[in-house]
Every structure is written in structure tokens, then in C-alpha cells.
Amino acid sequence: MVGKITRGRIVVICLAVALISSEYFLYKYSNWRYAYTEPLNKRYSDFLPKSIPPGNESQYDITLKMDPDGMFNVHSSISIKNTSADPWNELVLYFIPNMFTENNNPKLHEPSKISIDRISIDGNEARFTLDKDKLTVPLNKELVPNRVVVAEVSYQFTLPEGGLRFTKSNGNYYLAQWYPMIATYRDGWNKRDFRLKGETYHTAFSNFKIKYDIPKNFTIVTTSEEDLYPSKSQGHIEANNAKEFFIAILGDHQVVEKKLGNINIRVFSVDKNKNLNDIIEIAYASLEYFQKTIGPYPYKQLDIVLDESGMEYPGIVTANSINGSSSIGTDALRRMVVHEIAHQWFYGIISNDPFTDAWLDEGITELAAGMFYSDYFDEDIAFEEEQYVHLPLPVNLPLDKYSKNQSSYIYGKSTAMLWKVFEQNGGKTTVEDFLKTYFNTYQYKEVDTKEFIRFLKYYLNITDNSLFSGWLVLDDKE
Ligand SMILES: [Zn+2]
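Residues numbered from 1 in each chain as written. Predicted model: local features only at pLDDT ≥ 70, side-chain atom pairs only at ≥ 80, totals over all residues. Heavy atoms only, no water.

As recorded in an unreviewed UniProt entry, the chain goes by M1 family peptidase and comes from Brevibacillus agri.

## What to know about the packing of aromatic side chains
A full pass over the atoms with the stated rule returns 46 aromatic pairs. When the centroid spacing of 6.0 Å and the interplanar angle of 25° are considered together, the rings of Tyr 155 and Phe 157 count as stacked. Geometrically, the ring pair formed by Phe 246 and Tyr 313 is stacked, given 4.0 Å between the ring centres and 10° between the ring planes. With Phe 246 in the loop between strand S16 (234-242) and strand S17 (247-250) and Tyr 313 in strand S21 (residues 311-313), this pair connects stretches of sequence that are 67 residues apart. Positioned above the aromatic ring of Tyr 284 is the side chain of Lys 258, whose terminal nitrogen or guanidinium carbon lies 4.3 Å from the ring centre. (Phe/Tyr/Trp six-rings, centres within 6.5 Å; stacked < 30°, edge-to-face > 60°. Helix = DSSP H or I, 4+ residues; strand = E, 2+ residues; numbered from the N terminus. Lys NZ or Arg CZ within 6 Å of the ring centre and 35° of its normal.)

## A look at the sheet that holds strand S18 (residues 254-260)
Across the sheet, 5 strands lie side by side as S18-S19-S20-S22-S21; this open sheet has mixed pairing. A single partner strand is all that each edge strand has here, and the edge strands are S18 and S21. Across this sheet, the average inter-strand angle for adjacent strands is 15°, counted without regard to direction. Relative to strand S20 (residues 301-306), strand S19 (residues 263-269) is paired through 6 bridges, and the arrangement is parallel. Bridge pairing links Ile 265 to Leu 302 in S20. (Pairing = 2+ DSSP bridges. Axes fitted to C-alpha atoms, helices over the stretch in contact; angles between N-to-C directions.)

## A look at the layout of surface pockets
Taken as a whole, the largest pocket spans an internal volume of roughly 1,000 Å³. Lining the largest pocket are 42 residues, and of these Ile 322, His 339, Glu 362, Glu 366 and Tyr 411 lie nearest its centre. The dominant element in the lining of the largest pocket, judged by the number of residues it contributes, is helix H6 (residues 406-423), at 7 residues. (1 Å grid on protein atoms, 1.4 Å probe; cavity = no way out; pocket = protein on both sides within 12 Å on 5 of 7 lines; lining within 4 Å. Points joined across faces, edges and corners; volume = space filled by probe spheres on them.)

## A few points about unusual backbone geometry
Generally, phi is negative for residues other than glycine and the peptide bonds are trans, each holding for most cases. Here the bond from Tyr 229 into Pro 230 is cis, since omega is -5°, no more than 30 degrees from zero. Along the polypeptide, Pro 230 turns up in the loop between strand S15 (219-222) and S16. Phi is positive for Gln 177, which is not a glycine, with a value near 45°. The phi dihedral of Tyr 347 falls on the positive side, at around 145°, and the residue is not glycine. Note on placement: Tyr 347 falls in the loop between helix H4 (330-342) and strand S23 (350-351).

## Observations concerning the UniProt feature "active site" (unreviewed entry) in the chain
In the UniProt entry, the feature "active site" (unreviewed entry) is given for Glu 340 and Tyr 411. Spatially, the listed residues are clustered: although they cover 72 residues, their C-alpha atoms lie within 12.8 Å of one another. Residues that both appear in the annotated list above and line the largest pocket are Glu 340 and Tyr 411. Considering the arrangement of structural elements, one finds Glu 340 in helix H4. Contacts of Glu 340, omitting those with residues within four sequence positions, involve Gly 310, Met 311, Glu 312, Val 317 and Thr 318. A polar contact of 3.4 Å, which involves the side chain of Glu 340, links it to the backbone nitrogen of Glu 312. Along the polypeptide, Tyr 411 turns up in helix H6. Look at Tyr 411 and you get partly exposed, because its relative accessible area is 33%. A polar atom in the side chain of Tyr 411 sits 3.5 Å from the side chain of Glu 362. (UniProt positions renumbered as here; feature names shortened; annotations may be inferred. Contact = heavy atoms within 4.5 Å. Polar contact = N/O pair within 3.5 Å; in protein donor to acceptor, adjacent residues only side chain to side chain. Buried < 20%, exposed > 50% of the residue type's maximum accessible area, 1.4 Å probe, protein only.)

## Some points on the UniProt feature "binding site: Zn(2+)" (unreviewed entry) in the chain
The sites that UniProt annotates as "binding site: Zn(2+)" (unreviewed entry) are His 339, His 343 and Glu 362. Annotated residues spanning 24 residues; largest pairwise C-alpha distance 8.8 Å, indicating a single compact cluster. As for the lining of the largest pocket, the annotated residues named previously contribute His 339, His 343 and Glu 362. Counting through the fold element by element, His 343 comes out in the loop between H4 and S23. What makes His 343 buried here is its relative accessible area of 0%.

## Topic: empty space enclosed by the protein
Tallied over the full model, the rule gives 4 cavities of 30 Å³ or more. Together, Glu 199, Tyr 201, His 202, Thr 203, Lys 243, Glu 244, Tyr 347, Asn 352, Pro 354 and Asp 361 line the largest cavity. Looking at side-chain class alone, the lining of the largest cavity contains 3 nonpolar, 3 polar and 4 charged residues. Domain assignment of the residues forming the lining of the largest cavity places at least three in each of domain 1 (56-245) and domain 3 (351-468). (Nonpolar A, V, L, I, M, F, W, Y, C, P; charged D, E, K, R; others polar. Domains from an automatic or database assignment.)

Pasting the structure below:
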């Protein structure tokens, strides 16, 4: 039986129809999340980011000389300012080359040879201890907050064959984490034990001046935006506000270049059979997308070296294999390049400790790459939670708490669960807007899980932690 429709009911129904259709229209044709809220700037003006201070500020002034036989001579002068609240009686630095010597890595076919000639503090010779990758230099005079000390280290090394990132292969040399890097300082020195899986070093944004001298038949490709092609065998290059400084020294290779605005993209390969045009095409498209979606890429040059394990460094990435195994296929290589390029923002510009919060840069990088793929390959965004139901642990444990499946947690489950949060809150449009806001709020700052979730909850206007239960460990008060 159909009831009698009163005039009041008709008004209510008309209003409801109007509301539903306008909401549908807004949902379909505009960024509806903000259709009913204040403009972005106003909305975020009362949010105060609480980033994690690095505890020091450093400038590296390094001279690097390579002999034709592959011996490197280095003199590194590091000016270090104590920006923590504590006085220091020692400096703690990473010295990762030492992890590839015969002593520390007996399985290597050709281990690295290392010798430290001299360390000085403010010009005076200093004693030091080197244990695995931990270089400790006691200070005769306490370094109080806001004071600067200059540490100088002279050393030689050869690169191992089959190392990790710090390695050589087929006459090409890859210098990753090749100089003593000052650790960050929290309530003490934040130096974790080295591991071959994941990134166990964490450094602050620093300035670098590098003077190099290499044999004539090599090409140098680095973090700096100043290196030219063909490169000179001697030169002086710089990089500012960079977490580290990577150098590739290549023998025979092929190269292609392409400009995106004032950014020069270069793709190098030591494998003459690789199709570089294919790679530069997707590098160009992803750089364009990430700049538009997240924020500006900070350098005038982006280098992609198609050799070695997939890895991000400021201004330069490597891609060819996973953890030193054989080369991956063309499609996987394209995706690896995009992933490493996305790291330029999430690692290169927004920092996090990759030992304690590896999921943060990896998960957000994967999420950003997924948004790009959905446009570029016209594919569905498919980060599926079901794939990870067999993984019971949270994704934000320190690396030494994962005995197996570390990558499935850090890259896979983290991204799927993050996507699920966004999927319930507007989907791709929200992710893209979030990435831009996150970038604007935390560029050149460090974030940890706690701060990231505080910001995400504020952004999505969420008050409880139910969306994070089962995949993140959070303090009760967050
Ligand atoms: Zn990554």
C-alpha cells in the first residue's frame, strides 16, 4: 500500500534528492574532501610539526684520489657542530667500508683493503677505535652544545668485489657510504649495528665539497648536480642539504640525456644491450608526476645508473638487481627506477631513520609510485591487504626484530595497510593531496612513526587508532 504523500514529505524528499545529487556531483567532479572545509593553508595553520632533531650539523670537505690500480686515497675534513643539549666526550661515526674487509666479511671473493693513517681533532692527532662499522674518536676536551669541532681522517681503501653498494664490478666502481659519516645524536649517539639487509645507517642533511682526481679513462657520476658529461678527470663538486654523497666511477658505458624544464635527466648503463630510451621515458614521466603531485625536485640533475642493486642516493639512483642478484627484467627495471626516483622525496627530502622506521620511506615511496603507475600504465591501484594476512607482526619494528620476511613487511604490508587507510578516506585524490601537504610540512626534517601518525590523523581528521591496529605499534597516548 502506498501512503498518502503530504506536502511536508514532498519538500523533505526534494531536499534529500537535491542534497544527494549535489554531493554526487561534488564527489565526481571535484576534490570533495575539501568542498566542505576551509582552504588548505588555513586548515593546517594550527598544526605544529614536531620533527626529530639530528643532534648535529656537519660539513664535509673531502679530497678523493683514485689510482689506476683501484686504490683510493681520501682526506676528509668534517666540521661538526653539536646541536644537541648534551656535552660530548666522543664522536661516533659510521665507517662502512670496514664491513667489507676480510676480517669482517670472510666470504667475499675479493675483500676490501682499508687503512686509516691518521685522525685529528682540531689539528691534534687523536686516538680512535674502529669496531665493525663504528668509528669512535674520544675528545680530549668536552664539546659543549653549539660548539664546533673539526675532525680530519686520512685513509686508503680498495673496493670489494661483490660488496653491497660499496663495491666494484667489471671495472666499474661504486662508492656508497665510502667516507666516515657522523651519526645522529638523540639521548646518546644513534648508531646501530650494521646489517647486510636494509639500511642500517642514518645521517643528517649535510653539505659536501668534494675534490676528485680519477684516471683519464673513467667517467664520474655523483650526487652533485654539477658533474658534467663527459666528466673531467679532476674536478671540484658540491652538494648541499644532502643525506649522503654517492659516486659512481664508470668504465665503458652508454648514456642518454633528456631535459625536463631545467632538470637534466641522465641514464647511464654499463650494459650495452640495455634500452636506455625506455628507461629515460618513464624516468621523465615519473619525475614530472612527482614534481606536480608532491613538490619540486631539489637539484638540476637526476642521474640513473643501470647497474648494481636498486638504491636511492640524493640526486642519483642505481637500478639493475635486488640485493646483488642477477638483473631483473625490463618491466621490473622500469618500476625499480620509478621507486628509487620517488625516494628523492621520501628519504632525500623528508628523512626518517631507516633502521627504526624503514616502513616510512619505503611504504610512502611505494604508495607514491603506485599512484603514478595508475596513471602511466592505466592500471588499478592494487595494494591488497589479503596478500599479507600471513604476516602477524607490525610493520614499524626496528630491522633487527624481523628474522624473515623483512621486505614483505617494510615494502608490502606497510603499503597495503597505508592504502587501506586512504581508500576509506577518499582514495587516490586524498593520497595525492596528502603527499603534497606532508612534503610542505616536513621537507628537510626528520619524521618517525609517532609523528607521521600524529600528522596523518590530523590530516584525515581521525581521533582514534583503530585504522592502525594490527599493523603498527603505537603508544597508547598517540
Ligand atoms: Zn626503497
